[in-house]
Amino acid sequence: MKNHFNKSIYFLAGAIFLVVGCSPKNVDYLKESKKDKDKRMEWWRDARFGMFIHWGLYAVPAGEWDGVNTYGEWIRHSAKIPLETYDKFVAEFNPTKFNADAWVKMAKNAGMKYIVITSKHHDGFGIFDSQQTDFDIMSTPFKRDVLKELADACQREGIKLCFYHSIMDWHHPDYLPRRNWETDRSTEGADYERYVQYMKAQLKELLTNYGEAPHVLWFDGEWENTWTHNRGVDLYNYVRSLKPGIIINNRVDSGRDGMAGMSDAGFAGDFGTPEQEIPATGLPGVDWESCMTMNDNWGYNKADKNFKSTRELIRNLTDIASKGGNYLLNIGPTAEGVFPPESIQRLEEIGDWMKQNGDAIYGTSASPFGSFSWGRCTMKRVGADTYLYLHVFEVPKDGRLVLNGIANEPMGPQYLAFPSVVTLPIHREEDALVVKIDTVLPDKNNSVIVLPLKGKPDFHLSPQIVAKYDLFINEQQIAIRDEEGDSEIHYTLDGSPPSLQSAIYTVPLSVKNTSLVSARSFRKGQPISGTLQRTFIKVRPQSASGQEGFSAGLAFAYYEGDWDSLPDFNKLQMVASGITNNFKLKPTNDGEHYGYQFSGFVKIPKSGVYTFSTSSDDGSSLFINNRPVVDNDGTHGMREKSEVVVLEAGYHEIIVRFFEKTGGEGLQVFWESEDFGKQAIPDSALFYLPGK
Ligand code: FHN
């Protein structure tokens, strides 16, 4: 019987690689030209829609352990299953109903153009035949290389197969750090560099043994402190050196902004990876892909029946495409190798919609119009013309779809799913094209109207009213900007519609009272844009504390317990307390099931408008002067929430509450104002009252 986690196998593999390992050619692929990158990314940008598959040993327990049934692919860590116990799943993993063609056809029929599957998740188990370890599918009763079968099926069906590969590895003896509860698992002899060589050796297998696949390498688990920017850049170049045309996500490097998924410039990776969320607006010139579950788990959980409706899934796809992103929708197959029936049903229903409306998704770009109250808009060039796709979710009360700032001559709009000689009525109102629709929509999920426009886009968006906040204390400076230029901006401050007779904008305005600013662009005496309105409200700041005798630091109270949301700490038995110099977490238990309440004063340097934010895993909340400001509660990955308050210069009471259930953990507290950008609240701004 193969000993499928023989340590010596790992060390031997690592040593061999170190001696004979191929050192990647010294090409810095990050210096690639825009033209070359655009060519490499073209198929991915056109695809817009892909299937994520999380499948591995964790499908065997199917989310349940020790009477708890809320786990997913993190079960080994979240349920603190010892390695030896978890490894027993190897002997049970026998997905006899697995059929690569069936999986690929379900993805294809749903309108998905690519599949990203977990070659190895955090548990370290490979669903492919690796020569680097026996902790893979060839040690199970199944003994088939799933990735090979999927690669062949994808080749047959014209679907691009991609691999998700976790940098974090809870199984390999050289991976560090260990799970914080694995105190009995020695780190003696562990060599992280040797682990990196092992990971590279596996990646070389994945990059060279599966034909054209993988078309994308989707890294994950890059957030632990052993993984660094330098390692990320090196790994990016290593992968590209083996498959230069491959696409790599931004989780290859260490610059990702939590679940928002984007990285600052200078970090490696071809696209951002928002997770379980959709950016509020498009990110012009930035490639990104929102990955989401269909229910609440990535890996199969037999009890998780909280599946999103087909309508929500179609509207997510539409919202994402209208902002220029890709949608990676997840399936968690069972240990038998089949998709959950709820997933199959949704894939079929999405596929029905895509068969009629796929043109409004594939190859489209973000429309410049943003979101509408009635739905979304995507856009693509078709020959010399421009096609707008109006995705109607709800019929406006007046039945009018108003598209401001379009100078193009329209051709006949039609429902994409029901092309007919009858076109929908359309007319021009100054700068706007107006499409009239009936009160009954042909598709309850999303009715798409194609609106062909002659020539290349000739749009003129409303001017931007530029000011950081909508609130002010005494006076608000307002700039009005027309990005397209070659126009005259007219504005009003009383909410009336701007006209040629209204004031012309020449220099920044200053308002001293609550004002409704309206702005519109004109050219040669005619309006060429819609009207943008923005209200600026004059408010009184919250008064500062009149107390004195402050000392530098924050008071903290530390608690332990198992919560799914922030508890009322005042009703709990405190485990420890003291003074700290910032919102630092120093749990004294296993780093899970604990909470903090930080309290003190924040010194506001200047009366004004401030944004406070918390970024936390799990939940957190922030109060100023005992009023709730940020509610970032719940069990989730690192997630940021923010809110605006208006404060007088001086000391204001601040309370931050935080709890960690299991898994990742972290708390950051930020502030920003008119005078400075978002930053962690510095120690120098935090105080407490001794003896209070
Ligand atoms: O920890 C993983 C999680 O299991 C899942 O794979 C998601 C999907 O993107 N990524 C990480 C959480 O951010």
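As the structure is a computational prediction, the values presented were derived from the model and not from experiment.

(A) Region of interest: the packing of helix α6 (residues 100-109) against helix α7 (residues 146-157). Their axes nearest at 9 Å, the elements α6 and α7 cross at an angle of 45 degrees. When the axis of α6 is compared with that of α7, the two are oblique. Judged by the twist between their axes, the crossing of α6 over α7 is right-handed. Facing α6, whose interface residues are Ala100, Asp101, Trp103, Val104, Lys105 and Lys108, α7 presents Glu149, Leu150, Ala153, Cys154, Arg156 and Glu157. Residue composition of the contact of α6 with α7, by class: 6 nonpolar, no polar and 6 charged.

(B) Broad picture of the domain arrangement of the protein. By the assigned domains, the protein splits into domain 1 (34-360), domain 2 (375-453), domain 3 (464-538) and domain 4 (551-688). Centre-to-centre, using C-alpha coordinates, domain 3 lies 38 Å away from domain 4. Listed as interface residues are 6 residues of domain 3 and, on the opposing side, 13 residues of domain 4. Surface buried jointly by domain 3 and domain 4 totals about 650 Å² across both partners, of which 65% is contributed by carbon and sulfur atoms. Of all residues in domain 3, the largest losses of buried area upon contact with domain 4 belong to Lys468, Tyr469 and Ile473, amounting jointly to 77% of the total for that side. Taking the shortest distance from any N to any O, the salt bridge between Glu672 and Lys468 comes out at 2.9 Å. Inspection of the domain 3/domain 4 interface yields 3 residue pairs in polar contact (both at pLDDT 80 or more).

(C) Spotlight on the environment of Lys584. Within the element layout of this structure, Lys584 appears in the loop between β26 (576-580) and β27 (594-604). Sequence-wise, Lys584 and Phe598 are 14 residues apart; in three dimensions their C-alpha atoms are separated by 9.3 Å. Beyond its immediate chain neighbours, meaning those up to four positions away, Lys584 contacts Tyr596 and Phe598.

(D) Summary view of the pattern of salt bridges. Per the counting criterion, the structure on display carries 43 salt bridges. Close ionic contact of Lys120 with Asp169 constitutes a salt bridge, the shortest N to O distance being 2.9 Å. With Lys120 in strand β2 (residues 114-120) and Asp169 in the loop between β3 (160-166) and α8 (192-208), the pair connects residues that are 49 residues apart, well separated along the chain. Salt-bridge contacts for Glu275 lead to Arg251; the nearest nitrogen and oxygen are separated by 2.9 Å. Pair noted here: Glu275 is in the loop between β5 (247-248) and β6 (289-292) and Arg251 is in the loop between β5 and β6, with a separation of 24 residues, a long-range link. Grouping residues by exposure puts Glu275 and Arg251 together as buried.

(E) Representation of the state of the cysteines in the model. What the rule picks out here adds up to 0 disulfides. With no disulfide of its own, Cys154 has Cys162 as its nearest cysteine by sulfur position, at a separation of 8.3 Å. Owing to a relative accessible area of 2%, Cys154 belongs among the buried residues under this scheme.

(F) Examining α7 more closely. Compared with an ideal rise of 1.5 Å per residue, which puts 12 residues at 16 Å, α7 spans 16 Å between its outermost C-alpha atoms and is within 8% of the ideal. What α7 keeps buried is the set Val146, Leu147, Leu150, Ala151, Ala153, Cys154 and Glu157. On its buried face, α7 sits against α6, β2, β3 and α8. Its side-chain oxygen placed 3.0 Å from the backbone nitrogen of Leu147, Asp145 serves as the N-cap of α7.

(G) Highlighting the site of the ligand. Taken together, 14 residues lie near the ligand, and His54, Glu73, His122, Asp220 and Glu275 sit nearest. Measuring from an oxygen atom of the ligand, one finds a side-chain N or O atom of Glu73 at 2.5 Å. The contact in question runs from a nitrogen atom of the ligand to an N or O atom on the side chain of Asp220, over 2.6 Å. Coverage of the ligand by the protein chains reaches 93% of its 330 Å² of free accessible surface.

Reading guide: rules and limits
- Residues numbered from 1 in each chain as written.
- Predicted model: local features only at pLDDT ≥ 70, side-chain atom pairs only at ≥ 80, totals over all residues.
- Heavy atoms only, no water.
- Axes fitted to C-alpha atoms, helices over the stretch in contact; angles between N-to-C directions.
- Helix = DSSP H or I, 4+ residues; strand = E, 2+ residues; numbered from the N terminus.
- Parallel < 35°, antiparallel > 145°, perpendicular 65-115°, else oblique.
- Left-handed = near helix turned anticlockwise from the far one by under 90°.
- Contact = heavy atoms within 4.5 Å.
- Nonpolar A, V, L, I, M, F, W, Y, C, P; charged D, E, K, R; others polar.
- Domains from an automatic or database assignment.
- Buried area = accessible area lost by both parts, 1.4 Å probe.
- Salt bridge = Lys/Arg side-chain N within 4 Å of Asp/Glu carboxyl O.
- Polar contact = N/O pair within 3.5 Å; in protein donor to acceptor, adjacent residues only side chain to side chain.
- Buried < 20%, exposed > 50% of the residue type's maximum accessible area, 1.4 Å probe, protein only.
- Disulfide = S-S within 2.5 Å.
- Expected span 1.5 Å × (residues − 1).
- Near = heavy atom within 4 Å.
- Areas by Shrake-Rupley, 256 points an atom, 1.4 Å probe, with all protein chains shown as cover.

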